[in-house]
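# What the coordinates show
Letter by letter, the chains look like this.
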Amino acid sequence: MDFLAILPLGFLIGMAHALEADHLVAVTALQNKGGKRRAIVARGAAWGVGHTLSLFAACLGVFLLGLQISAVLEAQLEFCVGLMIVGLGGHVLWRLRKDRIHLHTHEHDGTRHMHFHSHQDDTAENHQHTHKRSFANSKTPVLVGMVHGLAGSAGFLILMSSNAKSLGEALAYLSVFGLGSIIGMAFLTMVISVPIMRLRRLGGMMPNLVSAAVGIGAILVGGMLAVESFSTIAGLG
């Protein structure tokens, strides 16, 4: 197949690549903090940027330095991705714990109400007007994307080795693939932002239940990926 003919395919593959299960879970855990829709989409795009940066580095290492990504190393990187996703899920649950969210009951006009309540603003320190960056608003999405990019670089580099005749061709394909990943993840997070924003407006227990579900889901998906990768490492070792 002519190399120029596969460039559009690279863009589509990049968009589809952003929809893989571990990517979805990791980005959802990052988005769970909330924020304005523009910020949510920006965090998704930042994941795509980090992912592309790692692939660029791996591509340069292979073409310029002759480095190889073995099956064992690929499995080890996937294992790290699994642990990272577990950590993201754990952070979501830790944040719920830190905010001291609990079930609160009170009565109005003879009617008893029940809802989740948080004391995150009870301390004097939190009453100060600060603009600290939150976990989800920091450089974390870029770093998460970079780890994902390293773990997924082996298959991409095999494709490059079989199709690209030069480093320039490899970088051209990588650029459109990366652009597809960035646009794909930005679009995905824009879609994710719709239920997130609605849940935030609902208030009550629903946002906290969703946060707990996201945290537990991330731990399960990351744990399964880590176990599967560890089994692969043991089998190859």
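Anything mentioned here points back to the structure above.
Residues numbered from 1 in each chain as written. Predicted model: local features only at pLDDT ≥ 70, side-chain atom pairs only at ≥ 80, totals over all residues. Heavy atoms only, no water.

Here the focus is the packing of helix α3 (residues 37–65) against helix α6 (residues 140–151). Interaxial distance between α3 and α6 falls to 6 Å at its minimum, and their mutual angle equals 40°. Between α3 and α6, the crossing angle belongs to the class labelled oblique. In this structure, α3 crosses over α6, and the sense of that crossing is right-handed. Between α3 and α6, the residues in contact are Arg43, Ala46, Trp47, Gly50, His51, Ser54 and Leu55 and Pro141, Val142, Val144, Gly145, Met146, Val147, His148, Gly149 and Leu150, respectively. Along the lines of polarity and charge, the residues of the contact of α3 with α6 split into nine nonpolar, six polar and one charged. (Axes fitted to C-alpha atoms, helices over the stretch in contact; angles between N-to-C directions. Helix = DSSP H or I, 4+ residues; strand = E, 2+ residues; numbered from the N terminus. Parallel < 35°, antiparallel > 145°, perpendicular 65-115°, else oblique. Left-handed = near helix turned anticlockwise from the far one by under 90°. Contact = heavy atoms within 4.5 Å. Nonpolar A, V, L, I, M, F, W, Y, C, P; charged D, E, K, R; others polar.)

Further remarks concern the layout of surface pockets. Where empty space is left becomes clear once a probe the size of a water molecule has been rolled over the atoms. As a volume, the second largest pocket reaches approximately 180 Å³. Surrounding the second largest pocket, 14 residues form its lining, Glu20, Asp22, His23, Glu78 and Gly152 being those nearest its centre. Those elements that provide at least two residues to the lining of the second largest pocket are α2 (21–31), α4 (71–98), α6 and α9 (206–236). Of the residues forming the lining of the second largest pocket, the biggest block, three residues, is contributed by α2. Considered class by class, the residues forming the lining of the second largest pocket number four nonpolar, six polar and four charged. (1 Å grid on protein atoms, 1.4 Å probe; cavity = no way out; pocket = protein on both sides within 12 Å on 5 of 7 lines; lining within 4 Å. Points joined across faces, edges and corners; volume = space filled by probe spheres on them.)

The subject of this paragraph is the packing of aromatic side chains. Going through the model one piece at a time under the given rule, you end up with one aromatic pair. Seen in terms of ring centroids, Phe79 and Phe230 are 6.2 Å apart; in terms of plane orientation they differ by 45°. Their pairing is tilted. Here Phe79 is found in helix α4, whereas its partner Phe230 is found in helix α9, with 151 residues between them in sequence. (Phe/Tyr/Trp six-rings, centres within 6.5 Å; stacked < 30°, edge-to-face > 60°.)

Moving on to a nonpolar patch on the surface. A surface patch of nonpolar side chains, amounting to about 320 Å² of accessible area, comprises Val49, Leu53, Leu143 and Met146. For the nonpolar patch, the secondary-structure elements that each account for two or more residues are α3 and α6. Secondary-structure assignment places Leu53 in helix α3. By relative accessible area, Leu53 is classed as partly exposed at 45%. (Patch = residues over 30% accessible without salt bridge, like charges linked within 9 Å, V, L, I, M, F, W, Y side chains within 5 Å. Areas by Shrake-Rupley, 256 points an atom, 1.4 Å probe, with all protein chains shown as cover. Salt bridge = Lys/Arg side-chain N within 4 Å of Asp/Glu carboxyl O. Buried < 20%, exposed > 50% of the residue type's maximum accessible area, 1.4 Å probe, protein only.)

Direction vectors running N to C along α4 and α6 enclose 155°, while the axes themselves pass 8 Å from each other. When the interaxial angle is binned, α4 and α6 end up roughly antiparallel. You can see that α4 and α6 cross each other, and the crossing is left-handed. Counted together, Glu74, Leu77, Glu78, Val81, Met84, Ile85 and Leu88 of α4 and Val144, Val147, His148, Leu150 and Ala151 of α6 form the full contact between these two elements.

Here we take up the environment of Ala75. Positionally, Ala75 belongs in helix α4. Separated by 153 residues in sequence, Ala75 and Glu228 have C-alpha atoms that sit 8.9 Å apart. Setting aside chain neighbours within four positions, we find Ala75 in contact with Ser229, Thr232 and Ile233.

With that settled, the discussion passes to the environment of Leu199. Within the secondary structure layout, Leu199 lies in helix α8 (residues 167–202). Spatially, the C-alpha atoms of Leu199 and Val210 are 8.6 Å apart, while their sequence positions differ by eleven residues.

We now examine the nonpolar core. Residues Trp47, Val81, Ile85, Leu88, Val144 and Met185 are the most contacted members of the largest nonpolar core, which totals 23 residues. For this core, the secondary structure elements donating two or more residues are α2, α3, α4, α6, α8 and α9. Beyond its immediate chain neighbours, meaning those up to four positions away, Val81 contacts Asp22, Val147, His148, Ala151 and Leu225. Leu7, Cys59, Ala164 and Leu174 belong to the second-largest nonpolar core, a separate cluster that totals eight residues. (Core = buried A, V, L, I, M, F, W, Y, C linked by side-chain atoms within 4.5 Å.)

Below, the discussion takes up α9. The end-to-end C-alpha distance of α9 is 45 Å, a good match for the 45 Å that 31 residues give at a rise of 1.5 Å each. All of the buried residues in α9 are Asn208, Ser211, Val214, Gly215, Ala218, Gly222, Leu225, Ala226, Ser229 and Ile233. (Expected span 1.5 Å × (residues − 1).)

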